[in-house]
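In case you want the letters, here they are:
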Amino acid sequence: MTAQGLDPDAVVMREVATGKDAERERFVGSPTIRIGGIEVAPTEGEAAGLTCRVYRRRDGRISPTPDPEDLRQALVDSSSAAEVGRSDG
Amino acid sequence: MNVGDNAPPFDLPATDGASQGPGATPTAVVFTCNHCPYALAWHDRLLDVARDYSTRGVHVLLVNPNDAGRYPRDSFEAMQERVAADGGWPAPYLRDETQEVARGYGARTTPDVFVLDEAGVLRYRGAPDADYEDPAQNAAWLRGALDAVLEGSEPDPAETEPVGCSVKWSQ
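Residues numbered from 1 in each chain as written. Chains lettered and ligands numbered in written order. Predicted model: local features only at pLDDT ≥ 70, side-chain atom pairs only at ≥ 80, totals over all residues. Heavy atoms only, no water.

(A) Highlighting the overall build of chain B. For chain B, the count of helices and strands is 4 helices and 9 strands. Listing each helix as α and each strand as β along chain B from the N terminus yields β-β-β-α-β-α-β-α-β-β-β-α-β. Relative to the 2.2 N^0.38 estimate, which gives 16 Å for 171 residues, the radius of gyration of chain B is 14 Å and therefore close to what a compact globule would have. Along the longest, intermediate and shortest principal axes, the C-alpha atoms of chain B span 40 × 30 × 30 Å. (Helix = DSSP H or I, 4+ residues; strand = E, 2+ residues; numbered from the N terminus. Rg over C-alpha atoms; globule rule 2.2 N^0.38 Å.)

(B) Highlighting the confidence of the model for chain B. Scored by pLDDT, chain B comes out at a mean of 97, with 100% of its residues at no less than 70. This prediction of the complex comes with two scores: 0.89 for pTM and 0.75 for ipTM. (pLDDT = per-residue confidence, 0-100.)

(C) Focus on unusual backbone geometry. Omega for the peptide link from Ser30 of chain A to Pro31 of chain A comes to -5°, which places this bond in the cis form. In this fold, Pro31 of chain A is placed in the loop between α1 (19–25) and β1 (34–35). A cis amide bond, omega 10°, links Asp156 of chain B with the succeeding residue Pro157 of chain B. Looking at where Pro157 of chain B falls in the secondary structure, it is placed in the loop between α4 (140–151) and β9 (165–166). Here the phi dihedral of Gln99 of chain B falls at roughly 65°; this positive angle occurs in a residue that is not glycine. Overall, the relative accessible area of 2% leaves Gln99 of chain B in the buried class. (Buried < 20%, exposed > 50% of the residue type's maximum accessible area, 1.4 Å probe, protein only.)

(D) Structural view of a nonpolar patch on the surface. Residues and elements named next belong to chain A. Taken together, Met1, Val11 and Met13 make up a surface patch of nonpolar side chains, about 320 Å² in accessible area. Here Met1 lies in the segment before α1. For Met1, a relative accessible area of 33% translates into the label partly exposed. (Patch = residues over 30% accessible without salt bridge, like charges linked within 9 Å, V, L, I, M, F, W, Y side chains within 5 Å. Areas by Shrake-Rupley, 256 points an atom, 1.4 Å probe, with all protein chains shown as cover. Salt bridge = Lys/Arg side-chain N within 4 Å of Asp/Glu carboxyl O.)

(E) Region of interest: helix α1 (residues 37–54) of chain B. All names here are of chain B. When the terminal C-alpha atoms of α1 are compared, their 26 Å separation across 18 residues agrees well with the 26 Å that a helix rising 1.5 Å per residue should span. Roughly 45° is the biggest bend found in α1, and it falls at His43. All of the buried residues in α1 are Pro37, Ala39, Leu40, Ala41, Trp42, His43, Arg45, Leu46, Leu47, Val49, Ala50 and Tyr53. (Expected span 1.5 Å × (residues − 1). Bend = angle between axes of the 7 residues up to and from the residue.)

(F) Broad picture of the sheet that holds strand β4 (residues 59–64) of chain B. All names here are of chain B. Spatially, the 5 strands line up as an open sheet ordered β5-β4-β3-β7-β8, and their pairing is mixed. Two strands close off the open sheet at either side, each with one partner strand: β5 (93–95) and β8 (122–126). Pairs of neighbouring strands in the sheet enclose a mean axial angle of 20°, with direction left out of account. (Pairing = 2+ DSSP bridges. Axes fitted to C-alpha atoms, helices over the stretch in contact; angles between N-to-C directions.)

(G) Here's a closer look at the packing of aromatic side chains. Residues and elements named next belong to chain B. Inspection of the entire model under this criterion finds 7 aromatic pairs over all chains. An angle of 70° between the planes, with centres 5.9 Å apart, marks the rings of Phe10 and Tyr105 as edge-to-face. Here Phe10 is found in the segment before β1 (12–13), whereas its partner Tyr105 is found in helix α3 (residues 100–105), with 95 residues between them in sequence. Looking at Phe10, the relative accessible area reads 10%, which means it is buried. The structure contains a cluster of three or more aromatic residues connected by ring pairs, namely Phe10, Phe31, Tyr105 and Phe114. (Phe/Tyr/Trp six-rings, centres within 6.5 Å; stacked < 30°, edge-to-face > 60°.)

Rendered as structure tokens:
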């Protein structure tokens with residue numbers, strides 16, 4: 001985040017503790033990472049629930065966390081989008 | 001259960017309809033499941049162990065203890081579908097519906113590996129190897145423990161920290 005000019009302290013950790021919370025938050029498993037409310041690794045048709053999330057690394061390996069490059073790209077994209085928003089405003 | 005203890009016997013239903021449990025041969029009991037990324041990351045390595053050690057008289061038992069009420073992807077039907085989709089596995093996939101076996105073993109995570117000798121004594125407990133992200137690790141701790149048991153020596157390490165998702169206990 002620092003490399004993208006972002007503040008690491010801006011990360012907010014939220015515990016989703018109940019099935020109702022998962023439904024309300026459209027939480028499909030832990031960890032779910034959103035930047036500006038947008039999923040780093042969008043899912044389709046995945047049911048909400050208190051479960052462990054399965055990610056695929058770029059080389060195809062299964063992992064409990066997203067590929068670091070995907071995270072980095074999501075940060076770049078969100079920074080770019082924010083920049084465009086500021087320019088448009 | 002600690003290394004050196006007698007492991008509780010069990011007999012659980014497998015996806016093929018048969019019931020299985022540890023016998024009078026060295027056995028690796030692996031608590032695992034369908035939905036945990038750690039279990040999935042290690043899965044192929046565990047199946048390779050089952051293939052490689054079957055000719056040496058080792059029995060590998062994969063046991064799913066998760067609460068299917070809260071985690072439908074771990075239901076017996078989902079287990080059967082997964083094995084069928086793979087065209088069969090080289091190790092039986094057993095359902096611990098009551099979670100009594102997992103509790104008896106003190107399983108904490110999926111995966112959590114327990115290696116028993118031919119007398120049913122626990123000789124190794126922990127992770128399959130040091131890194132779920134590195135297939136080259138090749139379940140080295142599990143293989144080392146099985147080699148030691150087959151040679152009649154003590155595994156080193158005899159215990160490691162299990163790594164994975166918590167067992168999903170019924171509430």
